[in-house]
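# Analysis of the macromolecular model
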Amino acid sequence: MDYLVNHIEALIFCSPKPVRDEDLKSTLEEMFGTEVPGDDISLAIEKLKEKYSAETFAFEPVKSGGGYQFLTKPAYQASIGILLKQQSKRRLSTSSLETLSIIAYKQPMTKSEIEQIRGVNCDYAVQKLLEKELVEIKGKSEGVGRPLLYGTSSKFMDYFGINDLKEMPTPKDFFKEENEIGETKSEE
């Protein structure tokens, strides 16, 4: 069983994006030339989590973005935040963030549908989101001219630390009374 744990550890470590269960299974089956039960993979991942739960490690295997990857533990968030702030002056602009949220909630969408909601041209924002791989082309619309349809990518989910689009806050979450300032007056 230790050899399986070591192989899974290596696969998660070397992958630039989260490794999904089915990818682990198919890779290990090709490697060993035999079927590897999913329960064995799950057990090996649990052993990895147990191993990295020790305080001697600054990172641990975490399920995020639909698969497993090594992420640093929350205790090191402050120092990592400072490093990332220093390294990355390029965050998502307000325009890009607005465009991304429209795509995330209403996908798949054409650029003209996005522009209709935002009220401004969004060519630059969509291009930047494509470059950052947060958005991808999902196909073509059946509408006039067959414009491209845009939707979020798996990197989007990884970027925001979610496994499924259902984990995104619902729009009603933004309109609770507790989020309002001041008192409401009732008319008598």
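Residues numbered from 1 in each chain as written. Predicted model: local features only at pLDDT ≥ 70, side-chain atom pairs only at ≥ 80, totals over all residues. Heavy atoms only, no water.

## Some remarks on the nonpolar core
How we decide: Residues enter a nonpolar core if they are buried and are Ala, Val, Leu, Ile, Met, Phe, Trp, Tyr or Cys, with the set joined through side-chain atoms within 4.5 Å. For every residue, the accessible area obtained with a 1.4 Å probe (protein chains only) is divided by the maximum for its type, and the residue is called buried under 20%, exposed over 50%, and partly exposed between those limits. For helices the rule is a DSSP run of H or I covering at least 4 residues; for strands it is a run of E covering at least 2, with both sets numbered from the N terminus onward. Residue contacts follow a heavy-atom distance rule, with two residues in contact if any of their heavy atoms lie within 4.5 Å.
Grouped together as the largest cluster of nonpolar side chains are 17 residues, with contacts concentrated most on Leu 100, Ile 114, Leu 129, Leu 134, Val 135 and Phe 156. Residue contributions to this core peak at four residues, all from helix 5 (residues 94-106). Apart from residues no more than four positions distant in its own chain, Leu 100 is found in contact with Leu 92, Leu 129, Leu 134, Val 135, Thr 152, Phe 156 and Phe 160. By size, the runner-up hydrophobic cluster in this structure holds 15 residues, among which are Ile 8, Ile 12, Ile 45 and Tyr 52.

## With respect to the environment of Ser 64
In this structure, Ser 64 sits in strand 1 (residues 59-64). Among the residues examined, Ser 64 registers a relative accessible area of 7% and is labelled buried. Spatially, the C-alpha atoms of Ser 64 and Arg 20 are 9.5 Å apart, while their sequence positions differ by 44 residues. Those residues in contact with Ser 64, other than ones at most four positions away along the chain, are Pro 18, Gln 69, Leu 71, Asp 158, Gly 161, Ile 162 and Asn 163.

## Re the packing of helix 1 (residues 2-14) against helix 2 (residues 21-32)
For clarity, the threshold we go by: Throughout, an axis means a line fitted to C-alpha atoms (over the contacting stretch in the case of helices), and angles, computed between N-to-C directions, take values from 0 to 180 degrees. Roughly parallel here means an angle under 35 degrees, roughly antiparallel means over 145, roughly perpendicular means 65 to 115, and every remaining angle is called oblique. Helix crossings get a hand from a simple test, with the near helix turned counterclockwise from the far one by less than a right angle marking a left-handed crossing and a clockwise turn marking a right-handed one. Classification used: nonpolar for Ala, Val, Leu, Ile, Met, Phe, Trp, Tyr, Cys and Pro, charged for Asp, Glu, Lys and Arg, polar for all others including Gly.
Between helix 1 and helix 2, whose axes approach to 11 Å, the crossing angle comes to 125°. The pairing of helix 1 with helix 2 is recorded here as oblique in orientation. Helix 1 and helix 2 meet at a crossing whose hand is right-handed. Seen from helix 1, the contacting residues are Tyr 3, Leu 4, His 7, Ile 8 and Leu 11; seen from helix 2, they are Leu 24, Thr 27, Leu 28, Met 31 and Phe 32. Taken together, the residues of the contact of helix 1 with helix 2 sort by class into eight nonpolar, two polar and no charged.

## Regarding the confidence of the model for the chain
Definition in use: Along the chain, pLDDT gives the predictor's confidence residue by residue, from 0 to 100.
Chain-level statistics for the chain give a pLDDT mean of 87 and a share of 88% at 70 or above. Within the chain, helix 4 (residues 77-87) has the poorest average pLDDT of any element, 81, and strand 4 (residues 148-152) the best, 95.

## Points about the packing of helix 5 against helix 7 (residues 123-131)
Packed helices, taken two at a time, are described by their axes: the angle between them and the distance between them. With their axes 9 Å apart at the nearest point, helix 5 and helix 7 run at an angle of 80° to one another. In this view, helix 5 runs roughly perpendicular relative to helix 7, as classed from their interaxial angle. In contact with Ser 95, Ser 96, Thr 99 and Leu 100 of helix 5, helix 7 contributes Ala 125, Val 126, Lys 128 and Leu 129. Grouping the amino acids of the contact of helix 5 with helix 7 by side-chain chemistry returns four nonpolar, three polar and one charged.

## A word on the pattern of salt bridges
Pairs may arise between side chains of opposite charge once their charged atoms sit close together. Quick note on the threshold: By salt bridge we mean one thing: a side-chain nitrogen of Lys or Arg within 4 Å of a carboxyl oxygen of Asp or Glu.
Summed over all chains, the structure comprises 10 salt bridges. Two residues, Glu 46 and Lys 49, come together in a salt bridge whose shortest N-O distance is 3.8 Å. With Glu 46 and Lys 49 both in helix 3 (residues 38-52) and three residues apart, this pair spans about one turn of that helix. With a relative accessible area of 29%, Lys 49 lands in the partly exposed category.

## Some words on unusual backbone geometry
Backbone torsion omega between Gln 107 and Pro 108 reads -10°, so that peptide bond is classified as cis. Assignment of secondary structure puts Pro 108 in the loop between helix 5 and helix 6 (111-118). Phi at Glu 133 is positive, roughly 60°, even though this residue is not glycine. If you trace the backbone, Glu 133 turns up in the loop between helix 7 and strand 3 (135-140). Look at Glu 133 and you get partly exposed, because its relative accessible area is 47%. A positive phi angle is found at Arg 146, which is not glycine, with a value near 45°. In this fold, Arg 146 is placed in the loop between strand 3 and strand 4.

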